[in-house]
Amino acid sequence: MSTNREIKRQQEALPIFDHRNGLIDGIKKYDVMIIAGETGSGKTTQLPRFIIEEFRNMRVGVTQPRRIAAMSVAKRVAEEYDCRLGDRVGYTVRFDDNTSSGTRLKYMTDGILLREATMDPLLEKYDILIIDEAHERTVETDVLFGLLKRTRVKRPELKLLIMSATLDVAKFSDYFDDCPIYNIPGRTYPVEILHSRDVSKLGVLKSGYLAKSVSTVMHILTNEVHPGQVGDILVFLTGQNEIERACQDLKKAVQEQERAFRRSSPSATAGNTHEPVLLDHLEILPLYASLELQDQTAIFRSTPRGCRKVIFATNIAQTSVTIPNIGFVIDSGFVKQKMYDPTTGMDGLLIVPISRAAAVQRAGRAGRTRAGVCFRLYSRESLETEMESETVPEIKRTGLTGTVLSLKRLGIVDVAGFDFLDQPGQEELMAALRELYLIGAIDQRGQMMDVGHRMVAYPVSPLLARSLVEAEKIGCLDKAIIIVAMLSVDEPFYLPRKEEEQDAAREAHAQYYHHSGDHLTLLNVFEAWKGDNYSKEWCQRNYFKLRHLRLAKNIQSQLHDIVDRRASSNDTQRRHSSVRGGGDDHDGNEQSSNSRITSTEPTSQSNSSSRSILRAFSQGYGAHLSKKHYHRQIFYQYLASTSTPSSGVGSITSSSLLALHISPLSALYLDEERSETKHGRKVARDLEWIFYHEVVYHVKAVMRYVSKIDMRWVQDTLDRVKVLDQGQVWLNGQPLDDPSSVRPQSGEPTTEQPRSDGHQGGEGSTEVSNRTRERGAADAADAQDKKRARLETIEATRRRALERRQMV
Ligand SMILES: Nc1ncnc2c1ncn2[C@@H]1O[C@H](COP(=O)(O)OP(=O)(O)OP(=O)(O)O)[C@@H](O)[C@H]1O
């Protein structure tokens, strides 16, 4: 650990140090301010510390787009502030709260602040909020902008600082009513940038950047690239599989070189100035989002003397993170990005070139604790001509179901009228609204249903959250949680590269296949592993990836913790209310479902419980149904989530035909044994309707994780499809197909002012200023809160009455 004096010296060397007084004066004078500073100038670690030192009573919240950044920065600042992590300085990320009542500076993910806003819309816990890495433009950051703008109408004393590493911040300033911009020039240590001399286009590099990354690492390790530079190496790749492969390839390359060195005769090595790289002197570490936390934090540990670290990372290491001693960055030039596919109504992951702004961020991971070099595997020309200047904001390229659910939860019915920094696509918004309606999270007037409120408790995608809510109701939550955990990690099935071993692997996997499909297969796999004491040997014997199963186990226990915490908070509420109100103020449904969760755990999968579990998932997958072609081995999506009301939502129209294929890894894959011949064609027996977890594109559109469905289970969904089909919905609090006529019909429930035409409804139709409009919207949101509270009280009373009746 650094000594106090050493830390003080480092702090004073940062460019932000000379701006302390200017920044504090600015904060005193202005309520909203943009702070733009080069990467490494000290924004994230120093500014919040200046604030808590200057304003002794203020509580500060700082958001980060990623968990690893929130945690590592909090740790560093606690160290600098000389306090225990969790005391005055702490952090909260999903599933991990490291704060206390004495915490004055809290780092958190932007998702956590959003969640807090759903429970405390005025965010009264904070006096100053800092949105860091605003240039990253994650969906959560963008939604926070809109929310905080609204919150400030009601709480003008709440100070807001937006921090960005790009200088192009005028847009943020415009959005926040021309607020001032403070610039902090300079960085800590110099970084030399080297571009590839190969002028091939990025399209060519795409198929070779993995091998090039590994050979560049070898080049750095074996050559004195820069005299005296023996810093660690950080390589940016795009995803987990690629990273694991790079780790293996590097290991092999090093071993190969070691062997070659030993083989060579002493005379040949005598004049060799380069020592061979030894595997023992190398720590090769992966870093990607789904890696277990303790493995992620391994990148921050210092290596023993004489040992070097090579980290292969996704872009989760791209912002805010300081990995001590990084001397070299290798930038592949690519990133895996979520992209919304309007054909399937879902997000897909695509490997695309990074933006120039991202390239600057990546280079900025060097030069933080020492001078550095950044090797870009692409040419300068590609940087200038093929890369976009900024990354397209996530909200403009991803599905919005989760975001819309959060907004609805905040009482914002008119999501299309929400004041986004960049308005998302109308089509994506409508698809999200339809999906939420189909799964019963909102009603046909766009109001949040009880189911939607319950979904919010589970920090997983809306469709999985919906499945868990149903499982809770049916009484199979334990099993459903396992399946959700397994679906939340990458494919656990291991297929060896050697063909002769592949048959053995397939055979081993087939033992766990469930006749209904992949969801129960995943459950079988997990339970069999559990039955063998979660052993490594079981995974090796049966060709499963231990790391993925361990991660699933971790997620399973985190989801259980949430359920248990909720159960105990319900218990507490019940106890309190029994003292206050005579023992009957509790939620019957919640109690019965929670007692089921902890008390029953059937050991074997009976047929009826298999059906119950599938029934629960069929509620979540309401917008992911597909039907088999009557004689071909392809499926068609039941395109309820993407059609317009007038295009025959419930029917499979020729315009909506997209042939979907079952993944060859699926338990339902139509192989020789399990298919039969009809009319000279091969078809799977009793396979008609299925639901799928996601669609991925290889050469064709492939459905991953599919299971058979009994259509009677989704009758409610089908009824909703009919309602959609007839256009009898106001999911945005207004008729959907005419965004310009945002004013609800008289008698239609709404709580917000019409906005998109910029005119106030009712008498006069005068143009209103932004601020008035916001105040109107905030008042309306207030009314909405009150109305919801009233409805909740009525509902609670109704439940109590019901329960009393059941108890009699
Ligand atoms: N964990 C750490 N160990 C050592 N030095 C650190 C650590 N964290 C930060 N620093 C030092 O503080 C400097 C500023 O970091 P900080 O994260 O505050 O910068 P920033 O301006 O927010 O940059 P970015 O936007 O790239 O995160 C780093 O360049 C580094 O010199």
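Residues numbered from 1 in each chain as written. Predicted model: local features only at pLDDT ≥ 70, side-chain atom pairs only at ≥ 80, totals over all residues. Heavy atoms only, no water.

- You'll find the protein chain entered in an unreviewed UniProt entry as RNA helicase, with Dissophora globulifera given as the organism.

### Re the environment of T188
- Tracing the backbone shows T188 in the loop between β8 (181–184) and β9 (191–195).
- T188 gets classed as partly exposed once you look at its relative accessible area, which sits at 23%.
- Separated by 150 residues in sequence, T188 and E38 have C-alpha atoms that sit 9.5 Å apart.
- The contact partners of T188, leaving out residues within four places of it in the chain, are L14, G40, G367 and R368. (Helix = DSSP H or I, 4+ residues; strand = E, 2+ residues; numbered from the N terminus. Buried < 20%, exposed > 50% of the residue type's maximum accessible area, 1.4 Å probe, protein only. Contact = heavy atoms within 4.5 Å.)

### Regarding the site of the ligand
- Contacts to the ligand come from 17 residues, most closely from T39, T44, T45, R365 and R368.
- Between the ligand and T39, the relevant distance is 2.6 Å, taken from an oxygen atom to a side-chain nitrogen or oxygen of the residue.
- Between the ligand and R76, the relevant distance is 3.4 Å, taken from a nitrogen atom to a side-chain nitrogen or oxygen of the residue.
- Compared with its free state, where it exposes 630 Å², the ligand has 91% of that area covered by protein.
- Sorting elements by how many residues they give to the shell around the ligand places helix α3 (residues 43–54) first, with three residues.
- Broken down by class, the residue content of the shell around the ligand amounts to one nonpolar, 10 polar and six charged. (Near = heavy atom within 4 Å. Polar contact = N/O pair within 3.5 Å; in protein donor to acceptor, adjacent residues only side chain to side chain. Areas by Shrake-Rupley, 256 points an atom, 1.4 Å probe, with all protein chains shown as cover. Nonpolar A, V, L, I, M, F, W, Y, C, P; charged D, E, K, R; others polar.)

### Structural notes on the sheet that holds strand β5 (residues 105–109)
- If you trace the eight strands from one edge of the open sheet to the other, you get β4-β3-β5-β2-β6-β7-β1-β8, paired in mixed fashion. Across the chains shown, the open sheet's two edge strands, defined by having one partner strand only, are β4 (96–98) and β8. Each strand axis lies, on average, 20° off the axis of its neighbour in the sheet, ignoring direction.
- Sheet topology places strand β2 (residues 60–64) next to β5; five bridges connect them, and they run parallel. From the neighbouring strand, G61 faces β5, where its bridge partner is K106.
- Most of the contacts of helix α2 (residues 20–29) go to strand β1 (residues 32–37), to which it runs at about 155°, and overall it touches β1, β6 (128–131), β7 (159–164) and β8.
- Helix α5 (residues 110–119) rests against β2, β3 (89–93), β5 and β6 of the sheet, and its axis sits at about 100° to β5. (Pairing = 2+ DSSP bridges. Axes fitted to C-alpha atoms, helices over the stretch in contact; angles between N-to-C directions.)

### Digging into the pattern of salt bridges
- This structure, assessed with the given rule, holds 36 salt bridges.
- With a shortest N-O distance of 2.8 Å, R76 and E80 are connected by a salt bridge. Taken together, the residues R76 and E80, both in helix α4 (residues 67–81) and four residues apart, mark about one turn of the helix.
- For R76, a relative accessible area of 26% corresponds to the partly exposed category.
- Residue D422 pairs with R137 through a salt bridge whose shortest N-O separation is 2.8 Å. On the criterion of sequence distance, the pair formed by D422 in the loop between α15 (401–409) and α16 (426–438) and R137 in the loop between β6 and α6 (139–154) is long-range, its members being 285 residues apart. (Salt bridge = Lys/Arg side-chain N within 4 Å of Asp/Glu carboxyl O.)

### Things to note about the packing of α3 against α4
- At a minimum axis separation of 10 Å, α3 and α4 run at an interaxial angle of 50°. In terms of their interaxial angle, α3 and α4 are classed as oblique. The handedness of the crossing between α3 and α4 comes out as right-handed. Counting all contacts with α3, which are made through T44, T45, Q46, R49, I52 and E53, the residues of α4 involved are V73, R76, V77, E80 and Y81. (Parallel < 35°, antiparallel > 145°, perpendicular 65-115°, else oblique. Left-handed = near helix turned anticlockwise from the far one by under 90°.)

### Focus: the nonpolar core
- Membership of the largest hydrophobic core comes to 112 residues, with the highest contact counts inside it found for L129, F145, I162, Y458 and F617.
- Looking at this core element by element, the count peaks at nine residues for helix α19 (residues 477–487).
- Those residues in contact with L129 that sit more than four places away from it in its chain are G61, M108, L113, L123, L148, L158, K159, L160 and L161.
- Counting 38 residues, the second largest nonpolar core, distinct from the first, contains I243, I354, V373 and F375. (Core = buried A, V, L, I, M, F, W, Y, C linked by side-chain atoms within 4.5 Å.)

### Considering the side chain of T103
- Tracing the backbone shows T103 in the loop between β4 and β5.
- Judged by its relative accessible area of 12%, T103 falls in the buried class.
- Here S100 takes part through its backbone nitrogen, which lies 2.8 Å from a polar atom of the side chain of T103.
- In this view, T103 contacts G86, D87, R88, V89 and G90; residues no more than four positions away in its chain are not counted.

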